[in-house]
Amino acid sequence: MALKKSALCPLPVCSAISGGTSLKKYSAIGKASLRVDGADKVSGKAFYTADRALAGMAWGKVLRSPIPHGRITRIDTSRAEAYPGVFAVLTARDVSSQLFGRQLRDMPILARDRVRFVGEKVAAIAAESPEVAEEAANLIEVGYEELPAVFDPAEAMREDAPTLHEGLSRYRNAPDPLPGIPNVHSHVSWQVGDCQRGFAESDFVFEQTFTTQRAHQAYLEPHACVVGAGAEDSIRIRASNKVPFQTKQYLAEVLMMDPAKILFEISPVGGDFGGKGSLMDIPMAYYLARATGRPVKMVMSYGEELTAGNPRHPSTITIKTGVKKDGRLWARTVKMVFNSGAYAAFKPNATINLPGARHGAGAYHIPNVTVEALSVYTNSVPSGHMRGPGDPQVYFAVESHTDHIARELKIDPLELRRLNILMPGNTLPTGVHVDSDRGKVLLDAIKEKVRVPILNRRHSLRGRGLALCFRDIGPGEANVEVGVNPDGKIYLLTTVTDTGVGAHTILRQIVAETLGIPGEGIVIISGNTDSFENDIALGGSRVTYLAGRAAAQAAQALAQRMKEVAAGLWQGSPDLVTIRDSGLSGPGKKSISFAGLAARSAACGQPLKEVGRFATTAREGTQSFGAQIAEIEIEPDTGQMRIVKIVSVQDVGTVINPLTHQGQIEGGMIQGVGFALMEDLLDQDGKIVAANLGEYKIPSIRDIPPHETVNIYDAPGPGPFGSKPIGENTSSPTAAAIANAVYDAIGIQIKDLPITSEKIYSALKERRAS
């Protein structure tokens, strides 16, 4: 087994696989191809949604609730309506009463008679400029009757807690409520084996509770949309949104109109990290556009993003594990409570919970497991998805708990993991069967990295921590069209939004490799929601898997079609036709350019183009493992911590583009560091404390530690050319690895994120006192 190691960007190599064979060499795959959108983005030529300016356009702004819970007793908009430059002022009576949401429909366009969090939309204004709109919003007078508020999920589930959503079952897609427990909008569980028997058979039992904080995705581009209402109720939309087809359906439903009348244009998205899949301001912009007869642009400020976006769920996770004398994990119960905030509208999955909850057993085979996850309403900012939704919270708890068991049983943490790692044939609590042994291979590679002992400096404490994660690929559908333009250029039509990860570059490389031509000449065309009937729900580490497979299908079909057309012209066999850089060649030195072939085919009424479609309805495909090792140094007099180094170890198949692949690894690690050490979207009585991105701390360049990547190349994955997903496994284990390093250094476990110097200092002080 050969390992490719790099501190920065590993270039592709052919690594040996067990058995002595070699990975196949490619012409376009495995190359650090430059980004399709790179030049436009760094030069400022790329047009994001907020850059759009249309003739006669109005600006939209909203007035938000200043209280966490209350009834609206009156709204007076007269002063705002009379303000110069204002075109329209709308309240709930002017918009649809339909509730919206990605799965559970529980959120109003504007608060109708009640507000449930600080920042909820109460009224909207369209004006000639954003400044005028904001000034007019401040002139709207709203009366409130304040109601009791609840901010902690544990308190929200008490029988005497205020009920935030009476008659939950009336909402579309609402689950059955839990009897006697208010404010729980989702309760899911998975089970394998018999936990009661498993605990009875265990020699040791350990129980711990862990908490994680609220965190914002901190994308650079805030939510923005430009909406125009045309003739016959048609709507044209540009938005900072990664799932245009799904968003189109959500909008059609809440507006009660034919989806065919809605056209969603694809725009560049300036960062997503899970947070840009909802309607956000689009319905409001539509109603303002209809009221004014003008296109309307709405751009959220970063204060609004922090106050009313859809941040990562805070969590409380309790794990109880039974262990045999030899270290085998034998039984486990996990109870997770996620703070959903005031609405559940930002969660797209069918359970209306976090998909990461299914990882309560971690990357380990435990024969008896029960996992329970509850999502609870509170009077807080509504929570949504962030990179690996639920994974970082769950793996922080699971992997911290794993180290605690190892320490208590005096077993090496790595050996405890090797003893219990998932292997082919094991069954997860969700019923999915494991088909990969890459976890053991990863741990073997890690053993080489941790063999060298670390030495404490004279005035500092050092520690090393390990964390492991595991995930599969989610379902979805993708469509890609590949064809030949009249000028002979190969084009790729896609409606996948590139959120900054290089998706279009990856698709171009896949098509280039499939056709056997240089990728630089392939033209990328961003379509719209009329281009296909449906397309990928971006996220879940599945873009390359779904859209890449569709692109490869389309390119294969086009190649065959081109060969058949050329063979027909030459009265020969398609098997004897070869595609080269800019044309085709056949026996007897016959040749024709792509442009010539396109012209001949078009003359027959058959343009050269093919559509590839790939869809799955269940989680399938080879699972992927990831791990990180963190080495830290602590100043004992202050508790200040410095990360000496982080090593990321990834289970990879064929790496299609090593540059973007490494960018995912490093970017995920950096986000994981922020979640572990500093990011905390605090609220005080429901009001978010940070007023802007400067006050919400994310890692700067000085916070980024030295980093090394170890990519383990082995069996091919389920994606095109044997690729595997990489996006989310890169951030999930970071917080746990750092926490375990702190545990190793000071001997006390910190079980609530973020891990601050103050918490470390308090732990050291406690240790000295005892």
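Given the structure is predicted, the values throughout are model-derived calculations rather than measurements.

## Quick notes on the overall build of the protein chain
Piece 1. Check the secondary structure of the protein chain and you find 17 helices and 29 strands.
Piece 2. The C-alpha atoms of the protein chain give 27 Å as radius of gyration, which agrees with the globular expectation for 770 residues (27 Å, within 12%).
Piece 3. Along the first, second and third principal axes, the C-alpha set of the protein chain runs to 90 × 80 × 50 Å.
Piece 4. Considering the protein chain as a whole, with its 770 residues, one finds that 60% of them fall into the buried category.
Piece 5. Put simply, 79% of the contacts in the protein chain that link residues at least 6 apart link residues at least 24 apart.

## A short note on the side chain of Lys297
Piece 1. Among the secondary structure elements, Lys297 is positioned in strand β13 (residues 296-299).
Piece 2. Buried charge Lys297 goes without a salt bridge, the closest partner of opposite sign being Asp51 at 6.8 Å.
Piece 3. If we ignore the near neighbours within four places in the chain, the residues touching Lys297 are Thr49, Ala50, Asp51, Arg52, Met57, Ala58, Trp59, Gly60, Cys225 and Val226.

## Points about the packing of aromatic side chains
Piece 1. What the rule picks out here adds up to seven aromatic pairs.
Piece 2. Pairing Phe204 with Phe206 gives two aromatic rings, centres 6.4 Å apart and planes at 25 degrees, and the pair type is stacked.
Piece 3. You can call Phe204 partly exposed: its relative accessible area is 34%.
Piece 4. Judged by relative accessible area, Phe206 falls into the buried class, the value being 10%.
Piece 5. Both rings, one in Phe210 and one in Phe396, keep their centres 5.8 Å apart while their planes meet at 80 degrees; by these two values the pair is edge-to-face. Of this pair, Phe210 sits in strand β9 (residues 204-212) while Phe396 sits in helix α9 (residues 391-409); the two residues are 186 residues apart in sequence, bridging distant segments of the chain.

## Points about the sheet that holds strand β6 (residues 121-127)
Working definition: the strands of a sheet are paired by backbone hydrogen bonds and lie parallel or antiparallel to each other.
Piece 1. Reading across from one edge, β4-β6-β2-β13-β10-β11-β12 is the order of the seven strands in this open sheet, with mixed pairing throughout. Since the sheet does not close on itself, it has two edges, and those belong to β4 (86-90) and β12 (262-265), each with one partner. Averaged over all pairs of adjacent strands, the angle between strand axes in this sheet comes to 25 degrees, irrespective of strand direction.
Piece 2. Sheet topology places β4 next to β6; four bridges connect them, and they run antiparallel. Its bridge partner lying in β6, Val89 is registered against Ile125.
Piece 3. In the packing of helix α3 (residues 130-137) onto the sheet, the strands contacted are β2 (58-64), β4 and β6, and the crossing angle to β2 comes to about 30 degrees.

## A few points about the pattern of salt bridges
Where charged atoms from two side chains of opposite charge approach closely, those side chains can pair.
Piece 1. Under the criterion given, the structure shown has 36 salt bridges.
Piece 2. Between Glu145 and Arg71 there is a salt bridge, and its shortest N-O distance comes to 3.6 Å. With Glu145 in strand β7 (residues 141-146) and Arg71 in strand β3 (residues 70-76), this residue pair connects regions lying 74 residues apart in the sequence.
Piece 3. The class for Glu145 is partly exposed, based on a relative accessible area of 39%.
Piece 4. For Arg462, the salt bridge goes to Glu633, with nearest N and O atoms at 3.2 Å. Of this pair, Arg462 sits in strand β17 (residues 461-473) while Glu633 sits in strand β25 (residues 620-634); the two residues are 171 residues apart in sequence, bridging distant segments of the chain.
Piece 5. For Glu633, a relative accessible area of 10% corresponds to the buried category.
Piece 6. Among the charged side chains, a salt-bridge network with shared partners connects Glu415, Arg418, Lys440, Asp444 and Lys447.

## Remarks on the sheet that holds strand β8 (residues 184-192)
Piece 1. Read across the sheet, five strands follow the order β8-β16-β15-β14-β9 without closing on themselves; strand pairing throughout is mixed. The sheet is open, and its two edges are formed by β8 and β9, each paired on a single side. Averaged over all neighbouring strand pairs, the angle between strand axes comes to 10 degrees, with direction disregarded.
Piece 2. Inspection of the sheet shows strand β15 (residues 329-341) paired to strand β16 (residues 368-377) by 10 bridges, in the parallel sense.

## Description of the packing of helix α6 (residues 244-255) against helix α7 (residues 282-292)
Piece 1. Put simply, α6 and α7 touch, their axes get as near as 10 Å, and they point 55 degrees apart. Taken as axis vectors, α6 and α7 run oblique relative to one another. Between α6 and α7 lies a crossing whose hand is right-handed. Contact residues: α6 offers Thr247, Leu251, Val254 and Leu255, while α7 offers Ile282, Pro283, Tyr286 and Tyr287.
Piece 2. Its residues assigned to classes, the contact of α6 with α7 shows seven nonpolar, one polar and no charged.

## A look at unusual backbone geometry
Piece 1. Cis geometry marks the peptide bond from Leu753 to Pro754; its omega dihedral reads -5 degrees.
Piece 2. Mapped onto the elements of the fold, Pro754 is located in the loop between α16 (734-746) and α17 (757-769).
Piece 3. Even without being a glycine, Met280 presents a positive backbone phi close to 50 degrees.
Piece 4. Checked against the element boundaries, Met280 lands in the loop between β12 and α7.
Piece 5. If you check the backbone angles, Lys589 has positive phi at about 60 degrees while not being a glycine.
Piece 6. Within the fold, Lys589 resides in the loop between β22 (583-586) and β23 (590-593).

What counts and how
- Residues numbered from 1 in each chain as written.
- Predicted model: local features only at pLDDT ≥ 70, side-chain atom pairs only at ≥ 80, totals over all residues.
- Heavy atoms only, no water.
- Helix = DSSP H or I, 4+ residues; strand = E, 2+ residues; numbered from the N terminus.
- Rg over C-alpha atoms; globule rule 2.2 N^0.38 Å.
- Buried < 20%, exposed > 50% of the residue type's maximum accessible area, 1.4 Å probe, protein only.
- Contact = heavy atoms within 4.5 Å.
- Lys, Arg positive; Asp, Glu negative; His and termini not counted.
- Salt bridge = Lys/Arg side-chain N within 4 Å of Asp/Glu carboxyl O.
- Phe/Tyr/Trp six-rings, centres within 6.5 Å; stacked < 30°, edge-to-face > 60°.
- Pairing = 2+ DSSP bridges.
- Axes fitted to C-alpha atoms, helices over the stretch in contact; angles between N-to-C directions.
- Parallel < 35°, antiparallel > 145°, perpendicular 65-115°, else oblique.
- Left-handed = near helix turned anticlockwise from the far one by under 90°.
- Nonpolar A, V, L, I, M, F, W, Y, C, P; charged D, E, K, R; others polar.

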